[in-house]
Amino acid sequence: MQNIYGMTRAKLEEYFTSLGEKKFKALQVFEWLYQKKNNDVNTWSNIKKTIQENILKDFSFTMPKIVRQERDTLTRKFLFLLYDQNYIEAVVMYHDYGISVCVSSQVGCNMGCAFCESGRLKKVRNLETFEMVCQILLIEENIKERISSVVIMGIGEPLDNFANVMDFIHIINDAKGLAIGIRHITLSTSGIIPKIDELKNMDLQINLAISLHAPNDEIRNRIMKVNKVYNISQLINTIKSYIAHTNRRVTIEYVMLKEINDSETCAIELAHLLHGMNVYVNLIPYNETNHLEFKKSDAKTISKFCETLKQNGINVTIRKEFGSKISAACGQLRSKEVER
Ligand code: SAH
Ligand code: SF4
């Protein structure tokens, strides 16, 4: 049975058409679910009894459960239990400009990046669309505030769960859904080239972030398996084509790993690689985990790397560290729970 929170408005319209009903019923259902936050179908006063019965027969309304929370001043981390006893997590961050949520897209991840806790535990399955939508709904209900932006940067590789992630984006972006502006939605990928091309052709105005993490194939092969399939020059060409087609600036993520990719030479090489492209680089201080041997670069090394990029004409910022005290790096809370 389909879960109601996994239905885009277009899919619900098809459903109502198949029942011989008017399409705009879908809009009314969206208003109940996402605006009035009422999922008690029997109280949906503008939907007649026979249709209510169909909806109850054809859709499931179950949601994941929040089973654990960790918090510090500007961050809250939520652990969710799914229907099949798997765990995923989402992180809320309070910024001056609003509240963002970092959502998971899979249980584990098969991309196998050497420094990443989510990859260490391997992919169990894709998240279903409703499991992504519910991360946001349940968090809004829990913190009693509205989420203004969403980053798909939690556990998993979103482009390895393409169809569900696209439906998720449509539902949260829908004006009658959660109405999160398309430019307030960011998707981060390790660089699956055919899927980036597919995304490009959809003409969505989301923010695309690419986990580059290295200025050359030698280093990237060591830390990201995906590079052996799609190497840096192919990836850079794909990003150039994406920018040309969408007219959107792309974010380049670069996690700062001590003595791996943080030298002055790396900074210069990175600047050459990105020269003239409409990108901005986000330097990410590495969040150390117990299981993996990687260390974070010193704060000084990070600022120097940042300066070198700037001097070479690259737009760059250092990501504010959120929640390093509460195991906020992608996959850490889940892996703690799996061990328990
Ligand atoms: N799979 C996608 C999105 C999830 S990971 C991707 O790789 O882009 C989101 C970001 O967090 C990626 O840039 C990833 O490299 C980074 N990351 C993973 N583990 C990290 C850690 N321990 N500390 C800091 N960043 C990390
Ligand atoms: Fe997967 Fe992203 Fe982690 Fe790589 S960094 S293992 S792609 S979640």
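In this text the structure is predicted, and so the values were computed from the model without any measurement.

### Considering the domain arrangement of the protein chain
Splitting the protein chain by domain gives domain 1 (2-60) and domain 2 (65-339). Computed over C-alpha atoms only, the centres of domain 1 and domain 2 are separated by 33 Å. Taken residue by residue, the interface counts 13 residues in domain 1 and 14 residues in domain 2. For domain 1, the biggest contributors to the area lost against domain 2 are Tyr5, Thr8 and Tyr34; these three give 37% of the whole. Put simply, domain 1 and domain 2 have four salt bridges between them. The partner of Glu140 in a salt bridge is Lys37, with the nearest N and O atoms 3.3 Å apart. Seen at the junction of domain 1 and domain 2, the total is five residue pairs in polar contact (both at pLDDT 80 or more). For the side of domain 1 that touches domain 2, the elements supplying multiple residues, two or more each, are helix 1 (9-18) and helix 2 (25-35). Take the side of domain 1 that touches domain 2: its biggest share by element is five residues, from helix 2. Residues belonging to the side of domain 1 that touches domain 2 are distributed by class as follows: five nonpolar, four polar and four charged.

### What about the pairing of strand 13 (residues 279-285)?
Counting buried residues in strand 13 gives six out of seven residues, a clear majority hidden from the surface. Relative to strand 13, strand 12 (residues 250-256) is paired through seven bridges, and the arrangement is parallel. Across the sheet, the residue bridging to Ile252 is Val281, located in strand 13. With helix 10 (residues 264-274) bridging strand 12 and its parallel neighbour strand 13, the resulting β-α-β unit is right-handed. One ladder, built from four bridges, connects strand 13 with strand 14 (residues 315-318); its direction is parallel. What sits directly across from Asn282, in strand 14, is Thr317. Tracing the backbone out of strand 13, into helix 11 (residues 299-311) and back to the parallel element strand 14 gives a crossover that is right-handed.

### What to know about the site of ligand 2
By nearness alone, every residue bordering ligand 2 is listed as Cys109, Met111, Gly112, Cys113, Cys116, Gly119, Gly156, Glu157 and Ser190. Here the shell around ligand 2 is built from residues that sort into four nonpolar, four polar and one charged.

### Details of the packing of aromatic side chains
Counting across every chain of the model gives 10 aromatic pairs. When the centroid spacing of 4.8 Å and the interplanar angle of 70° are considered together, the rings of Tyr15 and Phe59 count as edge-to-face. A residue pair is termed long-range when its members are at least 10 positions apart, and Tyr15 in helix 1 and Phe59 in strand 2 (residues 59-60) qualify at 44 residues. For the pair Tyr15 and Phe59, a shared accessibility class is recorded, and that class is buried. Ring centres of Trp32 and Trp44 lie 6.3 Å apart, and the angle between their planes is 5°; on these two criteria the pair is classed as stacked. Taken together, the positions of Trp32 in helix 2 and Trp44 in the loop between helix 2 and helix 3 (49-58) put the pair 12 residues apart, joining distant regions of the chain. Using a relative accessible area of 0% as the deciding quantity, one classes Trp44 as buried. In textbook terms, an aromatic cluster arises when at least three aromatic residues are bridged by ring pairs, as seen for Tyr5, Phe30 and Tyr34.

### Some remarks on the site of ligand 1
For ligand 1, the set of nearby residues contains 18 residues, the closest of which are Gly156, Ser188, Ser211, His213 and Asn287. With respect to ligand 1, the backbone of Thr189 contributes an N or O atom lying 3.4 Å from an oxygen atom. Here a nitrogen atom of ligand 1 and a backbone polar atom of Asn287 are 2.9 Å apart. In isolation ligand 1 has 530 Å² of accessible area, and contact with the protein removes 93% of it. Mapped by element, the contributors of at least two residues to the shell around ligand 1 are strand 10 (185-189) and strand 12. Residues of the shell around ligand 1, tallied by class, amount to eight nonpolar, eight polar and two charged.

The rules we used
In this convention, every chain numbers its residues from 1, walking through the sequence in written order. Here chains are named by letter from A upward and ligands by number from 1 upward, in the order in which they appear as written. It should be noted that, the model being predicted, local features are given only for residues of pLDDT at least 70 and side-chain atom pairs only at 80 or more, the latter also being counted only at that level, while totals for whole chains, interfaces and linings use all residues. For side-chain calculations, the full set of non-hydrogen atoms in the structure is used, while hydrogens and water are omitted. The split into domains, and so the bounds of each, comes from an automatic or database assignment of domains. We call two residues contacting when some pair of their heavy atoms lies within 4.5 Å. Here the quantity called buried area is the accessible surface, traced with a 1.4 Å probe, that two parts lose on coming together, added over both. Criterion for a salt bridge: a side-chain nitrogen of Lys or Arg within 4 Å of a carboxyl oxygen of Asp or Glu. Any N or O atom pair separated by 3.5 Å or less is treated as a polar contact, with the protein-specific requirement of one donor-capable and one acceptor-capable atom, and with residues adjacent in sequence counted only for side-chain atom pairs. Helix and strand assignments follow DSSP, with helices taken as H or I runs no shorter than four residues and strands as E runs no shorter than two, numbered in order from the N terminus. Here the term charged refers only to Asp, Glu, Lys and Arg, the term nonpolar to Ala, Val, Leu, Ile, Met, Phe, Trp, Tyr, Cys and Pro, and the term polar to all other amino acids, Gly among them. Burial classes follow relative accessibility: with a 1.4 Å probe on protein chains only, a residue under 20% of its type's maximum area counts as buried, one over 50% as exposed, and anything between as partly exposed. Two strands make a pair as long as DSSP finds a minimum of two bridges between them. By convention, a crossover is right-handed whenever its connection, traced from the first strand over the helix to the second and viewed with the strands pointing away, goes clockwise. Any residue with a heavy atom lying within 4 Å of a molecule or strand is counted as near it. Centres within 6.5 Å make a pair out of two Phe, Tyr or Trp rings, where for Trp the six-membered ring is used; the pair is then stacked when the planes are under 30 degrees apart, edge-to-face when over 60, and tilted otherwise. To be clear on the numbers: accessible area is Shrake-Rupley with a 1.4 Å probe, and residue cover counts the displayed protein chains and nothing else.

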